[in-house]
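So the chains spell out like this:
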Amino acid sequence: VNISVIFLLKKRDDFEDVLEERRRSSDLRYALRCYTPTLYKGLVPCKVSVLKSIVLQSDHLQCVIKQVSSESGDSTECVAEEASLILDEMAHRMQLSTVRFFVFTLSKAFKRLFRSVCVNEEGIQRLQQAVQEHPVVLLPSHRSYMDFLMMSYLLYMFDLPLPVIAAGMDFMSMKFIGEMLRMSGAFFIRRSFGGDKLYWAVFSEYVKTMLRKGYAPIEFFLEGTRSRTCKSLTPKTGLLNIVMEPFFKGELFDVSLVPVSISYERVLEESLYARELLGVPKPKESTSGLLKARRVLSEDYGSMHVYFGHPVSVRSLAEGKIKRSQYNLLPRYIPQKPSVDTHEFLNDAAFRLVRIQEENMVLKPWVLIATLLLQNPDGMDLSSLTEQTDWLRHLALAFGAFLDWPDHEACSEVISCSLALHRRLLSVSAGHVQLSVTDAPQVETTPEEAVFQRAVVVLSCASYRNQILHVFLRPALLAVAMQSANSSRKDDIYNCFNFLRNMFSNEFILCPGDSVQDFEEACYLLMKRGVLQVLEHEIVMSASGQSTLAFLCSVLDPFLQGYQVTPYTQCANVHYCAKVWGSVFLSFFLSFFLSFFLSVSNFQKTALSCKRTGKTHKKFPVFG
């Protein structure tokens, strides 16, 4: 099998717990310390008022203002005033004093929430070098509201420029807190722009101006929103196109994209996410809601890992894929829609960046335990769970998983610690471990409530299982393909593999055009593990590979069942709707024709009466 599996062999950076020092020193003194970040080419950050003036007077925005004025009939002064109001609503107003307040508060909170916050210092050193050479864009994974708070906290800690962060308008509904976030570097954008040409122009010019000036890294989430399932979402390319455009147009020599992987041993919103997936409306962001949520400070959320990946050069990504000469055909300030080639490049780049995020995600032992418990809904004996978790640990490591497993502890001790941390999702009785609701109030519940609570536990557990799916995904697709093909011919198995891969292209992060590479990677991993033999025209399972292939098939089984159930449900809904609307239309037409025939009958009677008497009817004079 010809394949380069560099990502399986690469050495990952070591971690350091940044909270260890915070536990030994004053948080107030730390928040008020001298902060001297290294800036891009030694530039001095411009004031917020100066940045606003540059954006409003830019050629690009002035061009759009004239277009909107011509289309709407409003004066250019009126449209320019609207653009100014949009920018006031959007722009950040970063103040170091507010940042220091957050640093002090977050130091207190993080020490209570987490046992440790581990960061790869080599990644920090790479970032320190990158911010001096080119404008930087930070691309963190998004699993919790804690993500952007932790990012700013860490950059302050390591004397790096504080990022300006793209945030949703939802936070503006939080009185006081919303403005504090704005003064900490957040700039607020609407969830959707629709066809608002002026809003898009203000937004894109604002981001590109900050990027061109290079005085602060720009931070946004490629996935667009928090993943409620803890599984990577299909990336959005709108903001990515904006930050790449200055390079495409020759305004910047290069832009550095830094993927950041943020991993949680226990997610703060685990129960909230499960309820949202079951249809419970998302709570509106509010200051009162934040104050009510302070009870989480009494909980233990284990450890947290933040891995800063290698900076990715946009120049290197685009080499041989984007013809930048096409951007020279028009003046730079005239808006241009991305070409088909550019759109494909952006989509491919976004998928590869999210794939890097996945590969650098640190996985905890509970992820393995959750995977096994979901496959055994009736529970498992503790001894069997320990044995199978150890087997699964070695399989995951062989497949390249970034697993945080204590080196000098017995497997049973590691599992006991994980079960204790996630005790709200399970019960341990007489050496038997089972998913259950252990913190429910001791009151009678209806069958519907019991099913709902059970579903919350299962979905919460599934969110942890989903964190390791990227490790098993490609071998699992191959295992299901071998099971479905009913043939050992390599071409037949590949065809099944490709069909499954295309079917799940919106479910998992599968880079466009990499079907052959993914197939070869899966073959290599299973062959290295001794699960199968890859011959010239055949793929044959080895004698000892049955258990591994059975496990891999069961990993994808919930998703296959979901894809099977969904069409049946949709068909049933369509059938039901057809029956309902059929009845409605039938009743309507019967009523219509009945009224019509009665009207015709009355019409005929009136006509005969008028004809017989020779009189003119007051409503129908023609009858006279």
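Just above sits the structure.
All values reported here derive from a predicted model rather than from experimental measurement.

**Quick notes on the overall build of the protein chain**
From N to C terminus, the protein chain includes 24 helices and 14 strands. Looking at the protein chain as a whole, 48% of its 624 residues are labelled buried. In the protein chain, once contacts between residues fewer than 6 apart in sequence are set aside, the share between residues at least 24 apart is 78%.

**With respect to helix α11 (residues 197–213)**
Its 17 residues give α11 an end-to-end C-alpha distance of 24 Å, which sits within 8% of 24 Å, the value for a rise of 1.5 Å per residue. Across the 17 residues of α11, 13 count as buried, placing the element largely inside the fold. Of the residues that open α11, the one with a side-chain oxygen 3.3 Å from the backbone nitrogen of Leu-198 is Asp-196. Positive phi shows up at Gly-214, right after α11, with a value of about 70 degrees.

**Points about the packing of helix α22 (residues 490–503) against helix α23 (residues 515–528)**
Direction vectors running N to C along α22 and α23 enclose 115 degrees, while the axes themselves pass 10 Å from each other. With respect to the hand of their crossing, α22 and α23 are arranged in right-handed fashion. Contact residues: α22 offers Lys-490, Ile-493, Tyr-494, Phe-497, Asn-498 and Arg-501, while α23 offers Ser-515, Val-516, Asp-518, Phe-519 and Ala-522.

**Section: the nonpolar core**
Counting residues in hydrophobic clusters, the biggest one holds 118 residues, and the most contacted among them are Phe-114, Leu-154, Phe-308, Trp-366, Phe-472 and Leu-478. Top contributing element to this core by residue count: helix α21 (residues 469–485), with twelve residues. Ignoring any residue separated from it by four or fewer positions in sequence, one finds Trp-366 in contact with Leu-373, Ser-418, Leu-419, His-422, Leu-425, Leu-426, Cys-461 and Tyr-464. Counting 59 residues, the second-largest nonpolar core is a separate cluster that includes Ala-166, Leu-239, Phe-248 and Leu-317.

**As for the sheet that holds strand β11 (residues 426–429)**
Spatially, three strands are ordered β10-β12-β11 in an open sheet, and the strand pairing comes out antiparallel. Each of the sheet's edge strands pairs with one partner strand only, and the pair in question is β10 (380–381) and β11. Here β10 runs beside strand β12 (residues 432–435); their pairing, made up of two bridges, is antiparallel. Bridge pairing in β12 links Asp-381 to His-432.

**What about the packing of helix α18 (residues 382–398) against helix α19 (residues 411–421)?**
Closest axis-to-axis distance for the α18/α19 pair is 10 Å, and the angle between their directions is 105 degrees. Judged by the angle between their axes, α18 and α19 are roughly perpendicular. Residue-level inspection shows Leu-382, Leu-385, Thr-386, Thr-389 and Asp-390 of α18 in contact with α19, the latter providing Cys-411, Ser-412, Ile-415 and Leu-419. Residue composition of the contact of α18 with α19, grouped by class: five nonpolar, three polar and one charged.

Criteria and cut-off values
- Residues numbered from 1 in each chain as written.
- Predicted model: local features only at pLDDT ≥ 70, side-chain atom pairs only at ≥ 80, totals over all residues.
- Heavy atoms only, no water.
- Helix = DSSP H or I, 4+ residues; strand = E, 2+ residues; numbered from the N terminus.
- Buried < 20%, exposed > 50% of the residue type's maximum accessible area, 1.4 Å probe, protein only.
- Contact = heavy atoms within 4.5 Å.
- Expected span 1.5 Å × (residues − 1).
- Polar contact = N/O pair within 3.5 Å; in protein donor to acceptor, adjacent residues only side chain to side chain.
- Axes fitted to C-alpha atoms, helices over the stretch in contact; angles between N-to-C directions.
- Left-handed = near helix turned anticlockwise from the far one by under 90°.
- Core = buried A, V, L, I, M, F, W, Y, C linked by side-chain atoms within 4.5 Å.
- Pairing = 2+ DSSP bridges.
- Parallel < 35°, antiparallel > 145°, perpendicular 65-115°, else oblique.
- Nonpolar A, V, L, I, M, F, W, Y, C, P; charged D, E, K, R; others polar.

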